[in-house]
Amino acid sequence: MRPTLILVCGLAIAACSRDNGTNVQASAAPAAQSASHLGIRPNGDTEIQPDPSTVTSDELKKVYTYIDEHIDEHVQNLQKWIRQPSISNSGEGIPESAEMVKGFFEQLGCQHSQVYDVGITEWGAPGNPVVFAKCDEGAPRTVAIYWQYDTMPITQPDAWKAPPFEARIVEQGPFKRVLIGRGAVNSKGPEMAQWNALMAIKAVTGKLPVNLIFVAEGDEERMDLGLRKFVKDHPDLFNGADAMLHGGGQGYSGGGGISGSSEGCVYIELTTSGKSWGRGPVQSDIHGANKRSVDSPAWRHIKMLASLISDDGNTPRIAGFLDGREPLSAADAARMKTAAEKVKMDVAAQNIGVARFISDDPFTMLKMSQYGMSFNLDGIWGGNMYAGGAGAILPNKITSKHNIRYTPKMNGLDIVKKIRAQLDKNGYKDVELKLIGDVPWSKMSYDTDIARAITQTYDVFGIPYSPPPTHETILSGGYWPSYLFSNGEVGQRVAPVMMPIGGGGAGHGGNAHAANEYYVIEGAGKVYGIAGAEKSIATILYNFAGKNTPPAEPRKTN
């Protein structure tokens, strides 16, 4: 990403009250975990540590020490950030959060920091604010950092072991301390680690090793609607960026991988209504007793959905759905087969909270997870939505949400047209189809300086990894707006913003989008905690800046 680098993160940190987003010293922790005496052990119970013989920068060593000495404060930063809701789909806390992020950038010393109102976006919905900042450190290289400051909503509050916005620290084996909260791993924990690392570098040296370009969106969980418009409207703001460091990948696996590419994802809503159908209730819900003599839009909606998917819910029945799909390359298949040899299916299932996968074969599971297509039912609503109790209702309207994952060289908008055609063919011309947004796929090669900065960090930290692919691929395990920045092949180019992207680092968390989302505070075994995550970010930046050159190998003699 000028070498210029863009860090993909979600939010920074600092303590903030909900009433004053720029007051980064305000919010107080609960009494049970208050003051500056959390007693966090920087190394936790980890069996691995950075190898000091591979750290050639004295500055970086001092940064490591600073992080250890201030780890309680850094964890409190994360707690304060978790306590500020920032739910993009409802809008809760979004304006306050945008101002908070602006304050984070100012606290870091960025000369320019601004909240942009992006207005109405391409598909008709208003976008949430984008925060942009630049920090000129007079460095030869520049790093652009992408953040998302929004999170998913809370859909099952009773399933949480601690209130989702309390940021409680609990024991969760094998870790003595993890932080529970919405946004803990997606993506405030990893991003807080990044911000703490940047502030630590600034505190120790007075300057960062690279210049920074920040862009923080509040629509990542809304198909990046506002960010897409912002990049189209302001591509010049990213001039000079040499690379993008995608921070979203740091935190999920505990390290060892490199991300940056993206699958495609298109999002739609389907609505069946009595008014459009010409049968059933047309103005509003009516008494459920009327079902004895009145047609039900709700049952029609269920039948409509069933016509689009196989009986097991795994294969779309949509003509031409796979048109244009690029087969999995031999190189990517070989990498998956190698990775599959190390997969324990029961552990993999447990890690994401499922009973089992569709396939019991590790290679097939990886191929489906990383290069598969899906037509998901994310949610459905209408009529009596109150849990428990009773109440006879015949709904006049039912709506369902669907995310559809796709791969090169499929086209999201073309898939939507095919769904419309299939609905019409199946006899459901009255069903309304609404496009929410589309995030095209993005390929990436990792034969780049930023990818090498990450693998060099893994060497320092003793984190095992497979050599990253040097051919262009989408293998990364999820979607994010890589296509807006990638210098590789993308499903749609919306602006002349192109740079290499890489993401990775130490740290670990889980349950993204689910109840009991967590981020590891004190590591254990071969998984680093938050202190290790912060140190890894600092190391990546120093490596990318050329300020932590790996020591020369001893000269071989005969």
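For the structure, check the block above.
The present account deals with the structure reproduced in this document.

About the cut-offs
Residues numbered from 1 in each chain as written. Predicted model: local features only at pLDDT ≥ 70, side-chain atom pairs only at ≥ 80, totals over all residues. Heavy atoms only, no water. Disulfide = S-S within 2.5 Å. Helix = DSSP H or I, 4+ residues; strand = E, 2+ residues; numbered from the N terminus. Buried < 20%, exposed > 50% of the residue type's maximum accessible area, 1.4 Å probe, protein only. Expected span 1.5 Å × (residues − 1). Salt bridge = Lys/Arg side-chain N within 4 Å of Asp/Glu carboxyl O. Patch = residues over 30% accessible without salt bridge, like charges linked within 9 Å, V, L, I, M, F, W, Y side chains within 5 Å. Areas by Shrake-Rupley, 256 points an atom, 1.4 Å probe, with all protein chains shown as cover. Contact = heavy atoms within 4.5 Å. Core = buried A, V, L, I, M, F, W, Y, C linked by side-chain atoms within 4.5 Å. Phe/Tyr/Trp six-rings, centres within 6.5 Å; stacked < 30°, edge-to-face > 60°. Axes fitted to C-alpha atoms, helices over the stretch in contact; angles between N-to-C directions. Left-handed = near helix turned anticlockwise from the far one by under 90°. Nonpolar A, V, L, I, M, F, W, Y, C, P; charged D, E, K, R; others polar.

**Observations concerning the state of the cysteines**
Right, so step 1: Within this structure, the stated rule accounts for one disulfide.
Right, so step 2: Disulfide pairing places Cys110 opposite Cys135 at an S-S distance of 1.7 Å. Here the residue Cys110 occupies a position in the loop between helix 3 (94–108) and strand 3 (112–116), and Cys135 occupies one in strand 4 (residues 130–135), the gap between them amounting to 25 residues.
Right, so step 3: The buried category is assigned to Cys110, whose relative accessible area is 9%.

**Some remarks on helix 2 (residues 71–82)**
Right, so step 1: Look at helix 2: 17 Å from first C-alpha to last across 12 residues, which is about the 16 Å you get at 1.5 Å a residue.
Right, so step 2: Counting buried residues in helix 2 gives 11 out of 12 residues, a clear majority hidden from the surface.
Right, so step 3: Taken as a whole, helix 2 has its buried residues at Ile71, Asp72, His74, Val75, Gln76, Asn77, Leu78, Gln79, Lys80, Trp81 and Ile82.

**Concerning the pattern of salt bridges**
Right, so step 1: Taken as a whole and assessed by the stated rule, the structure comprises 29 salt bridges.
Right, so step 2: One salt bridge in this structure joins Asp45 and Lys176, with 4.0 Å as the shortest N-O distance. Of this pair, Asp45 sits in strand 2 (residues 45–46) while Lys176 sits in strand 7 (residues 175–180), placing them 131 residues apart in sequence.
Right, so step 3: With relative accessibility at 30%, the residue Asp45 sits in the partly exposed group.
Right, so step 4: Classification of Lys176 as partly exposed rests on a relative accessible area of 41%.
Right, so step 5: As a salt-bridge pair, Asp430 and Arg300 come within 2.6 Å of each other at their nearest N and O atoms. Placement of Asp430 in the loop between helix 11 (412–425) and strand 16 (432–439) and of Arg300 in helix 7 (residues 297–306) is noted, with a sequence separation of 130 residues between them. Each member of the pair Asp430 and Arg300 is classed as buried.
Right, so step 6: A network of salt bridges, in which partner residues are shared, links Arg41, Asp45, Lys176, Arg177 and Glu522.

**Thoughts on a nonpolar patch on the surface**
Right, so step 1: Nonpolar side chains collect at one region of the surface, where Trp299, Ile302, Leu377 and Ile380 lie side by side and expose about 400 Å² of accessible area between them.
Right, so step 2: Position of Leu377 among the secondary structure elements: in the loop between strand 12 (374–375) and strand 13 (379–381).
Right, so step 3: Given a relative accessible area of 43%, Leu377 falls into the partly exposed group.

**A word on helix 10 (residues 362–371)**
Right, so step 1: Buried within helix 10 are the following residues: Pro362, Phe363, Met365, Leu366 and Tyr371.
Right, so step 2: Residues of helix 10 that are buried in the fold lie against helix 8 (330–340) and helix 9 (345–352).

**Some remarks on the nonpolar core**
Right, so step 1: Residues Phe105, Leu212, Phe214, Phe230, Phe238 and Phe485 are the most contacted members of the largest nonpolar core, which totals 102 residues.
Right, so step 2: Not counting the four nearest positions on each side in its chain, Leu212 is found in contact with Leu108, Ala133, Lys134, Cys135, Thr142, Val143, Ile145 and Leu198.
Right, so step 3: Residues Leu305, Ile309, Ile419 and Val431 belong to the second largest nonpolar core, which totals 22 residues.

**A closer look at the packing of aromatic side chains**
Right, so step 1: Across all of its chains, the model carries 15 aromatic pairs by this definition.
Right, so step 2: Taken together, a centroid distance of 5.6 Å and an interplanar angle of 65° make the contact between Phe238 and Phe485 edge-to-face. One end of the pair, Phe238, is in the loop between helix 5 (225–233) and strand 9 (243–246); the other, Phe485, is in the loop between helix 12 (449–461) and strand 17 (501–502), with 247 residues separating them in the sequence. Here Phe238 matches Phe485 in class, with each residue buried.
Right, so step 3: Relative to Tyr528, the ring of Phe461 has its centre 5.3 Å away and its plane inclined at 70°; by these criteria the two rings are edge-to-face. A residue pair is termed long-range when its members are at least 10 positions apart, and Phe461 in helix 12 and Tyr528 in the loop between strand 20 (524–525) and helix 13 (530–544) qualify at 67 residues. Comparing Phe461 with Tyr528, the two get one shared label, buried.
Right, so step 4: Three or more aromatic residues link up through ring pairs in this structure, and these residues are Tyr116, Phe132, Tyr146, Phe230, Phe238, Trp480 and Phe485.

**Remarks on the packing of helix 1 (residues 58–69) against helix 4 (residues 184–205)**
Right, so step 1: Their axes nearest at 9 Å, the elements helix 1 and helix 4 cross at an angle of 115°. Here helix 1 and helix 4 pass one another in a crossing that is right-handed. Between helix 1 and helix 4, the contacting residues are Glu59, Lys62, Val63, Tyr66 and Ile67 on the first element and Ala200, Ile201, Ala203, Val204 and Thr205 on the second.
Right, so step 2: Residues belonging to the contact of helix 1 with helix 4 are distributed by class as follows: seven nonpolar, one polar and two charged.

**Quick look at the side chain of Glu217**
Right, so step 1: With respect to the secondary-structure elements, Glu217 resides in strand 8 (residues 211–217).
Right, so step 2: Other than its neighbours up to four places away in sequence, Glu217 contacts Pro129, Tyr146, Trp147, Gln148, Tyr149, Asp150, Asp224, Leu227 and Pro481.

**Comments concerning unusual backbone geometry**
Right, so step 1: Going from Gly173 to Pro174, the amide bond is cis rather than trans, its omega being 5°.
Right, so step 2: Along the polypeptide, Pro174 turns up in the loop between strand 6 (168–172) and strand 7.
Right, so step 3: The linkage connecting Pro408 with the following residue, Lys409, adopts the cis geometry, with an omega of -5°.
Right, so step 4: Note on placement: Lys409 falls in the loop between strand 15 (397–406) and helix 11.
Right, so step 5: Of note, the phi angle at Met223 is positive, near 65°, even though the residue is not glycine.
Right, so step 6: Its location among the elements puts Met223 in the loop between strand 8 and helix 5.
Right, so step 7: Phi at His513 takes a positive value of approximately 70°, unusual for a residue other than glycine.

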